[in-house]
Protein chains: 2
Amino acid sequence: MEAREATATGESCMRVDAIAKVTGRARYTDDYVMAGMCYAKYVRSPIAHGYAANINCDQAKNLPGVLAVFTWEDVPDIPFATAGHAWSLDDKKRDVADRYLLTRHVRHHGDAVAIVVARDELTAEKAALLVSVEWQSLPVITTPEAALAPDAVEIHAGGNLLKQSEMTTGNVQQEIDAADYKIQGRYQTPVIQHCHMESVTSFAWMEEDSRISIVSSTQIPHIVRRVVGQALGIPWSCVRVIKPYVGGGFGNKQDVLEEPMAAFLTSKLGGIPVKVSLSREECFLASRTRHAFTISGQLGINRDGTLKGYSLDVLSNTGAYASHGHSIASAGGNKVAYLYPRSAYAYRSTTCYTNLPSAGAMRGYGAPQVVFAVESMLDDAAAALGIDPVDVRLRNAAREGDLNPITGKRIYSAGLPECLEKGRELFEWDTRRAECQNHQQGNIRRGIGVACFSYTSNTWPVGVEISGARLLMNQDGTINVQSGATEIGQGADTVFSQMVAETVGVPVSDVHVISTQDTDITPFDPGAFASRQSYVAAPALRKAALQLRAKILEHAAEILHQSAMSLTLTGGNIVLSDRPEDPLLSLKDLAMDAFYHPERGGQLSAECSVKTTTNPPAFGCTFVDLTVDIALCKVTINRILNVHDSGHILNPLLAKGQVHGGMGMGIGWSLFEEMIIDADSGIVRNPNLLDYKMPTMPDLPQLESAFVETQEPQSAYGHKSLGEPPIIPVAAAIRNAVRMATGVAIDTLPLTPKRLFEEFHLAGLI
Amino acid sequence: MEAREATATGESCMRVDAIAKVTGRARYTDDYVMAGMCYAKYVRSPIAHGYAANINCDQAKNLPGVLAVFTWEDVPDIPFATAGHAWSLDDKKRDVADRYLLTRHVRHHGDAVAIVVARDELTAEKAALLVSVEWQSLPVITTPEAALAPDAVEIHAGGNLLKQSEMTTGNVQQEIDAADYKIQGRYQTPVIQHCHMESVTSFAWMEEDSRISIVSSTQIPHIVRRVVGQALGIPWSCVRVIKPYVGGGFGNKQDVLEEPMAAFLTSKLGGIPVKVSLSREECFLASRTRHAFTISGQLGINRDGTLKGYSLDVLSNTGAYASHGHSIASAGGNKVAYLYPRSAYAYRSTTCYTNLPSAGAMRGYGAPQVVFAVESMLDDAAAALGIDPVDVRLRNAAREGDLNPITGKRIYSAGLPECLEKGRELFEWDTRRAECQNHQQGNIRRGIGVACFSYTSNTWPVGVEISGARLLMNQDGTINVQSGATEIGQGADTVFSQMVAETVGVPVSDVHVISTQDTDITPFDPGAFASRQSYVAAPALRKAALQLRAKILEHAAEILHQSAMSLTLTGGNIVLSDRPEDPLLSLKDLAMDAFYHPERGGQLSAECSVKTTTNPPAFGCTFVDLTVDIALCKVTINRILNVHDSGHILNPLLAKGQVHGGMGMGIGWSLFEEMIIDADSGIVRNPNLLDYKMPTMPDLPQLESAFVETQEPQSAYGHKSLGEPPIIPVAAAIRNAVRMATGVAIDTLPLTPKRLFEEFHLAGLI
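- You'll find chain A entered in an unreviewed UniProt entry as Xanthine dehydrogenase molybdenum-binding subunit XdhA, with Citrobacter enshiensis given as the organism.
- What the UniProt record of chain A gives under Sequence similarities (unreviewed entry) is the line "Belongs to the xanthine dehydrogenase family."

1. Focus: the UniProt feature "domain: Aldehyde oxidase/xanthine dehydrogenase a/b hammerhead" (unreviewed entry) in chain A
Inference 1: The sites that carry the UniProt feature "domain: Aldehyde oxidase/xanthine dehydrogenase a/b hammerhead" (unreviewed entry) are, in the present numbering, residues 23-139 of chain A.
Inference 2: This span, residues 23-139 of chain A, is 13% helix and 30% strand, and a straight line between its end C-alpha atoms measures 52 Å.

2. Re the packing of helix H10 (residues 367-385) of chain A against helix H11 (residues 389-396) of chain A
Residues and elements named next belong to chain A.
Inference 1: Running from amino to carboxyl end, H10 crosses H11 at an angle of 115°, the nearest separation of the two axes being 9 Å. For H10 against H11, the interelement crossing comes out right-handed. Of the residues in H11, those in contact with Glu375, Leu378, Asp379 and Ala382 of H10 are Pro389, Val392 and Arg393.
Inference 2: Considered class by class, the residues forming the contact of H10 with H11 number four nonpolar, no polar and three charged.

3. With respect to the relation of the copies chain B and chain A
Inference 1: Aligned on chain A, chain B shows an RMSD of 0.0 Å; the corresponding rotation is 180° and the shift along the axis is 0.0 Å. Those values place the two copies in the arrangement expected of a two-fold rotation axis. Within chain B, B:Val33 has its C-alpha nearest the rotation axis, a separation of 3.2 Å.
Inference 2: Taken as a fraction of all interface residues of chain B, those also at the interface in chain A reach 100%, which identifies the copy contact as same-surface.

4. Concerning the pairing of strand E23 (residues 567-570) of chain A
Residue and element names in this part refer to chain A.
Inference 1: Summarising the sheet, E23 and strand E24 (residues 573-576) pair through four bridges and their orientation is antiparallel. Counterpart to Leu569 in the pairing with E24 is Ile574.
Inference 2: If you look at the hairpin formed by E23 and E24, you'll find two residues sitting between the two strands, and Gly571 has a positive phi there, around 55°.

5. Side note on the environment of A:Phe496
Inference 1: Summarising the element assignment, A:Phe496 is placed in helix H14 (residues 492-504).
Inference 2: Between the C-alpha atoms of A:Phe496 and A:Ser311, which are 185 residues apart in sequence, the distance is 40 Å.

6. So, the pattern of salt bridges
Inference 1: This structure, assessed with the given rule, holds 88 salt bridges over all chains.
Inference 2: Taking the shortest distance from any N to any O, the salt bridge between A:Glu704 and A:Arg639 comes out at 2.8 Å. Note that A:Glu704 is positioned in strand E29 (residues 703-707) and A:Arg639 in strand E28 (residues 634-645), a separation of 65 residues in sequence.
Inference 3: The residue B:Arg532 makes a salt bridge to B:Glu465 at a minimum N-O spacing of 2.7 Å. Remark: B:Glu465 occurs in the loop between strand E18 (444-455) and strand E19 (466-473) and B:Arg532 occurs in the loop between strand E22 (517-518) and helix H15 (533-560); sequence separation between them is 67 residues.
Inference 4: The network of salt bridges with common partners includes A:Glu375, A:Asp379, A:Asp380, A:Arg393, A:Arg735, A:Arg739 and A:Asp747.

7. Here we look at unusual backbone geometry
Inference 1: Cis geometry marks the peptide bond from A:Trp460 to A:Pro461; its omega dihedral reads 0°.
Inference 2: Note on placement: A:Pro461 falls in the loop between strand E18 (444-455) and strand E19 (466-473).
Inference 3: With an omega of -5°, the peptide bond running from B:Leu749 to B:Pro750 counts as cis.
Inference 4: For B:Pro750, the location among the structural elements is in the loop between helix H18 (730-742) and helix H19 (753-762).
Inference 5: For A:Cys195, which is not a glycine, the phi torsion comes out positive at approximately 55°.
Inference 6: On the basis of relative accessibility, which here comes to 8%, the residue A:Cys195 falls in the buried class.

8. Digging into the packing of aromatic side chains
Given two aromatic rings, their pairing is described by the distance between the two centres and the angle made by the two planes.
Inference 1: This model, assessed by the stated rule, comprises 31 aromatic pairs over all chains.
Inference 2: Measuring from centroid to centroid gives 6.0 Å for A:Tyr187 and A:Phe372, while their planes differ by 85°, and the two rings are edge-to-face. Highlighted residues: A:Tyr187 in strand E8 (residues 181-188) and A:Phe372 in helix H10, separated in sequence by 185 residues. This pair shows no difference in class: A:Tyr187 is buried, exactly as A:Phe372 is.
Inference 3: With centroids separated by 5.9 Å and ring planes inclined at 25°, the aromatic side chains of B:Phe203 and B:Trp205 adopt a geometry described as stacked. Side by side, B:Phe203 and B:Trp205 carry an identical accessibility label, which is buried.
Inference 4: Taken together, A:Trp87, A:Trp236, A:Phe524, B:Phe595 and B:Tyr596 form an aromatic cluster joined through their ring pairs.
Inference 5: Over the ring of A:Phe529 we find A:Arg532, and its NZ or CZ is 5.2 Å from the ring centre.
Inference 6: Above the face of the B:Trp669 ring, B:Arg290 is positioned so that its terminal group lies 5.4 Å from the ring centre.

9. Overview of the state of the cysteines
Residues and elements named next belong to chain A.
Inference 1: For the coordinates displayed, the defined rule picks out zero disulfides over all chains.
Inference 2: There is no disulfide at Cys419, and the cysteine sulfur nearest it, in Cys621, is 5.3 Å away.
Inference 3: Summary of cysteine pairing: Cys436 is not part of a disulfide, and the nearest cysteine sulfur, belonging to Cys621, is at 17 Å.
Inference 4: According to the relative accessible area criterion, Cys436 is buried, its value standing at 0%.

Parameters and conventions
Residues numbered from 1 in each chain as written. Chains lettered and ligands numbered in written order. Predicted model: local features only at pLDDT ≥ 70, side-chain atom pairs only at ≥ 80, totals over all residues. Heavy atoms only, no water. UniProt positions renumbered as here; feature names shortened; annotations may be inferred. Helix = DSSP H or I, 4+ residues; strand = E, 2+ residues; numbered from the N terminus. Axes fitted to C-alpha atoms, helices over the stretch in contact; angles between N-to-C directions. Left-handed = near helix turned anticlockwise from the far one by under 90°. Contact = heavy atoms within 4.5 Å. Nonpolar A, V, L, I, M, F, W, Y, C, P; charged D, E, K, R; others polar. Least-squares fit on C-alpha atoms with pLDDT ≥ 70 in both. Pairing = 2+ DSSP bridges. Salt bridge = Lys/Arg side-chain N within 4 Å of Asp/Glu carboxyl O. Buried < 20%, exposed > 50% of the residue type's maximum accessible area, 1.4 Å probe, protein only. Phe/Tyr/Trp six-rings, centres within 6.5 Å; stacked < 30°, edge-to-face > 60°. Lys NZ or Arg CZ within 6 Å of the ring centre and 35° of its normal. Disulfide = S-S within 2.5 Å.

Given below as structure tokens:
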């Protein structure tokens, strides 16, 4: 477990930031203070749709300690997009610019009309309460169906339909109709919130004239830089974003949330440092949520279990502002297309504005919702035909050489069948299935379920995939690494250290990744999202590491009067390739010569910026065994196991951590979490962690994971995505197990006692 | 004056940090605060030599708010050197390691035996006073002569002679003896302090396990990193040094002063941030001073003004610890060797320990002292022979093609004769000289003086000369620059911007130098000293700029389907080389394509680390016209002019500022400044800015400067050193003018009223 011992990918070395984090020394955004820092607090809308007809800031301005109050009249008249996507030279691929820093037309509960800056946080909060606003209501829309009604009030000029798209392979309807068995369903997923431990927080100041520095808890420092430049109408290079340690993001910090406001405020206040930090309550209302999807699906399957075809029609509710908007509904369909690639597939999606809090990116990016529908339908069909749920998936699962039905891209590594086989064995699927047959009567019933997923490893070809790395050798032969890819708690820095160590030929303990990023100097990379980082950063790191290694060997050749071609670097020593046991020169001595020889050498470094144009799918599945207490309407998970094909596993210990984290979030989405939003008023009833039920440790079962290691040939180290995948198949597996236990197919998440009661009552169980 | 308009070196663009500094936004070390920062204060010796026989820290430890008290018993038993020189692989070239963090054997007034850390500064100061020490005195040595006495007490084990060295060309004594006229003298220079505006201050903390970060007001961040590693016995890469804006150094911050202590304290206190900041009084006692030199010289000259030969014997007083020690006495002789290269020259120097505060590097690094002796002797000899002081210098001054008499290195650019000619004309030397003849009687007398210098452009071949630069293109086509060379107020970042702009082909306003350095990521360079930076950083900047330009043109060729060879970059646009008036593509559009084209390109960057093995001399002279009030013993400067050959002048406006600053410091050293140290007790009597007289604006005359631009062929942009030179010839010129006015040759600096009174009294004028 010691970093000291590890030398390559594939080893379970300790996180490089483990000690900093457990000792509390790791510095997050709120650990940074600046002399004279001031604090901003928003004035937010208590209604979900309407206008601030009138606003009076006099009382607030007169409160001692208040520096300024700004309203919608004071902010730049520049619409901007907040979504964290790489910029596109193609304007049709750009995010929707529908935001201003403040608005008179409020579109959701908690929308911001004004902001107060004061010398301390408490005064800012008090002053925000002193701003009096006269509200004028508009009709409130909370569902896509209402949004699309012909007479619906327009939430944004141009209408409530954000975007619609379709993709299809051949004549899907014909395939479904011709199948032996046909099923259809309507699936509904809730609005949830990311609930990362560290709140949304950033602060900004100006040092040099017209240059703004921002420290932010973000997944996407380089994108923040651009969007702040766009939102304020200043050159992008005049913005500098610093990312310290980050306490979780899960997609919420893949939006440019409060950085433009912090930058605006400091620019208006002579450059003083201004912090904009959201409370937990504000995070619920005014950061981002997971999109609620309503999915109508149909599926045709033959008696032998062959999935002939399936089609999905998705209605996605993006709330008040676009944020990632339609990208998520669209991506959900793309990412799942690899799962059963020999079946016909059609996917249609429609994203609408409503007066809900804005939905944005969240772990899985549409895939959990889509997989919930597909894997529920498939399971119900298999049950109807009496086919084992594992068998039906084995028959249809992606295999090497298959082509993606939409894009035609070839699948080079496909471990899903092995995942199903391995899971079936580890989980004792057959034994448990037999046992369940005796537990489907009475009050306490038992069921097992399984569900699969596919997920890509970055955003290509929808987005530009670019990553940069710079390596610098120190005098003691250790190596500093700057990567544009962003550590936000997932362990990126640790696997990057392993990649560099493996390729240069040094121990992991001799590699130091500079975790705090600074867009002025950190190599460019859009950031942490789309489970892209380990895949996309790898070729840049590897190329830079190979360059550094070559420079090291060239310098060694000069010192040793050898040909560089006869030398190699292993375990931190230069050796003759055919006498690896006999160290000629330590890397430390070589480094000292390079730095301090009077004439030869120089500081050894290497830098690369690499674009990636491959995007292989990862696969996996969840197995679950659970008990349902019919009277209490309560689900208890007895055992749960995720099995993943993410190619070569870079660090088994960290991989396990990622999987467990995703499973926990998946259980939350399946059984507990839901933002309760009044359907008439659009008011959020539970914007806090007391009333919004996240699972805590006592709510979670033991989480189990296993891997099927494939070697992905398109990948720099044989690996594929793993960050988001673990959450994806959990809900469908649980829902399928509940159906097996109770015979009731519940197609609306989460499966809370309240929902089970309604469904069991309808089904006559209660 | 607008940076916006400048595109190259040679233009007077505004400093890139001008607005940040005049608005007060530029952040210096003390502007950084950290949550939970604690403060350290030293317990210092009230005696100049002795032992702390006993120490009791109980009362201090019990004061509420005190975290810890450390004494000499608690610090690492590792001697270290504080001097800011590049490390050498040759152990004979390394600095003397004679320091520990704290000492029981105190060697100067203010030496440190213990240190207190408390939650606030006041408590730390109070607690330091509560530490009771029983002092045991040793004999105090204040002069080199006493230090070298056979029975002298040893200040350091091994004796008081730090080092002695000699260099000579041919038989100097014979040349002197054979000359028409022979003169000898004894010259004495005072102990002075740098008095930079920003005090010595640094703070340190630990974030990751075993890694220490330090923010410091230093000239030499990369050297601080090494020395802290050495002083604490930890790998150098485990130390990270951050250099914000610096409020002056002048050589004092070319020593590693308090950073090792700050690092030690945080390492002992669980990583909490600890600040070690010296008061002005402590700066006088316990940072560094300029070495007092006692120089015995002789010189032989022919009647026609030909300088046949001269020899100098230097006794240098380095005080209690070596710091730069003998390097300074030695360098003084080296740097002056280019001045009159056709004359025989011998230079012997001896550096001794005494019980004075430690002397270290200061602007001119030994040259002002040596030039004071040489230019006084030459002037006196010329006067005795009735030769015009300008003529005698013109006859002997270095000319193109001359060889350095010590090293044999050829002089490729030598503007000294033109400087003398230009100065003679601008200064109306001949008119003034004639006028003075009528003012050498009575109470108010007038004289004019001149003195010359030579000075090298870095430390080669004594030191390793290395510099690194990294350039990164932004999306808007602007360029970020990281240089290892250190902006400490002298304007380095501005001329670096001009160099990059000129070579890449963009306006200066499109180049942004990252001024805050971080040794984890800033390219390696030892720092700001030896007037080296513009010379040594230039090849790294130019090479990186050429690489970036080539990458830009390659990418342009790909976009435009042209050959890169037919394209060029001018004014921020890509053009065909033979149609420069017709822009094909802006750099901004090119940058956007490089970042965001789905497949081609990437972030464009370039990095270089270059070693320099040339070191051309800069030249120049001071002309002064002054009045002496015999009764008041007061010198009033009527006019003063420096004329410099520093090769191509990179930024005339900044160059003028450098010259004026050096002239002001030179006047301070000549007429005002002196640390008054009791010859018996070694106690410093005036360690503060009330009793130590620095010249202020009312004390200074109008400062005038002029340049003779040569083109140095060994230099990346034709330039040579300018940072230190302006101070060098001032004192001799003033002393020579006073002699002309009064007939009294005063060979001890400074020429305060007290000293003039003594000398005039001796000469019978009073």
